[in-house]
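Structural overview
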Amino acid sequence: MSMSIQELKMAWLAAREAGDAQTQLQILCEHPTAQTELTDFIAGYYATTAEELEENATILPLTQRALQSALQRVLVPQVETVTLVELRKSRNLKKVDVARALRLSVDVWNKFEAGAIEAASLSQRQLERLAGYFQLSLDQFATLLDNSQPALTYNRRQTSQAARKQEQGPQKQSFAEAIARSNMSSEDQAFWLEQ
């Protein structure tokens, strides 16, 4: 059975955490086609681990974030995405699964993907929750949200009034408005609206 590079990375990490050097070596030897990627991963792992730092050394929050970011780049395959729809699809997630994991209703998540929710209406904490789920920075998530505007298409048979309305795109609303108009439970609404 052939393992994906991601599965091999996770198996190597499990062996590393268990202190099983034999299994670590076996993973490398049994998968010669993946050796280049695995050795890059292993080098990245050792370069970003803080285990070798002195126990009494104070790690600044900025350094901790940099280490975490570097490790995520090594662990998470990079896929160039421009919109939230592309991001979700690149991670093989269904709308329902994303909405459930984030404690949102599908209609609210649809508004995110359609670019109908104003990024400026999100608090720092709300952005952190959304970005954290996808393991993105706040800026990356806000950019994806801004880029999620649908492409404008024109139908020659549309009336000029309908064409103007379509040019305006989806009606923008704040995140709080989207939640208030949703069918989310009161507990989930409170979870997202608490400051």
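Residues numbered from 1 in each chain as written. Predicted model: local features only at pLDDT ≥ 70, side-chain atom pairs only at ≥ 80, totals over all residues. Heavy atoms only, no water.

1. Quick look at the packing of aromatic side chains
Note the cut-off: Only centres within 6.5 Å qualify two rings of Phe, Tyr or Trp (six-membered ring in Trp) as a pair; their planes then separate them into stacked at under 30 degrees, edge-to-face at over 60, and tilted for everything else. Type-normalised accessible area, obtained with a 1.4 Å probe on protein chains alone, sets the label of each residue: buried when under 20%, exposed when over 50%, and partly exposed for intermediate values.
On inspection of all chains with the given rule, the structure shows 8 aromatic pairs. Ring centres 6.4 Å apart and planes at 20° place the aromatic pair F134 and F141 in the stacked group. Comparing F134 with F141, the two get one shared label, buried. Site record: aromatic cluster; members linked through ring pairs are W109, F112, Y133, F134, F141, F175, F191 and W192.

2. Describing the packing of helix α8 (residues 124–134) against helix α12 (residues 186–193)
To keep it simple, the criterion reads: Structural elements are reduced to axes, namely lines fitted to C-alpha atoms, with helices fitted over the stretch in contact, and the angle between N-to-C directions of any two is expressed from 0 to 180 degrees. Comment: elements are numbered from the N terminus, with helices defined as DSSP H or I runs of at least four residues and strands as E runs of at least two. Each angle gets one of four labels, with under 35 degrees taken as roughly parallel, over 145 as roughly antiparallel, 65 to 115 as roughly perpendicular, and the rest as oblique. The contact rule is simple, with two residues in contact once any of their heavy atoms fall within 4.5 Å. Gly falls in the polar group here, along with every residue not listed as nonpolar (Ala, Val, Leu, Ile, Met, Phe, Trp, Tyr, Cys, Pro) or charged (Asp, Glu, Lys, Arg).
One way to put it is that α8 packs onto α12 with a least axis distance of 9 Å and a crossing angle of 110°. When the axes of α8 and α12 are compared, the pair comes out roughly perpendicular. Residues Q126, R129 and L130 of α8 pack against F191, W192 and L193 of α12. For the contact of α8 with α12, the residue count by class is 4 nonpolar, 1 polar and 1 charged.

3. Here's the deal with α8
Buried residues of α8: Q126, L127, R129, L130, A131 and F134, and no others. Where α8 is buried, its residues contact α5 (84–90), α6 (95–102), α7 (106–114), α9 (138–147), α11 (175–180) and α12.

4. Digging into the side chain of S174
By the element assignment, S174 lies in the loop between α10 (160–167) and α11. S174 sits in the buried class, given a relative accessible area of 16%. Setting aside anything within four residues of it in sequence, one finds S174 in contact with I117, E118 and S121.

5. A short note on the pattern of salt bridges
Using the following cut-off: Only one rule defines a salt bridge in this text: a Lys or Arg side-chain nitrogen within 4 Å of an Asp or Glu carboxyl oxygen.
This model, assessed by the stated rule, comprises 6 salt bridges. The salt bridge partner of R103 is D188, with a shortest N-O separation of 2.7 Å. Of the two residues, R103 sits in the loop between α6 and α7 while D188 sits in helix α12, which places them 85 residues apart along the sequence. R129 is paired through a salt bridge with E194; the nearest N and O atoms lie 2.9 Å apart.

6. Here we look at unusual backbone geometry
Trans is the prevailing form of peptide bonds, just as negative phi is the prevailing case for residues other than glycine. Even without being glycine, R103 reaches a positive phi, approximately 65°. One non-glycine residue with positive phi stands out, namely Q135, at about 55°. Positionally, Q135 belongs in the loop between α8 and α9. The class for Q135 is partly exposed, based on a relative accessible area of 42%.

All we've got here are geometric facts, nothing functional implied.
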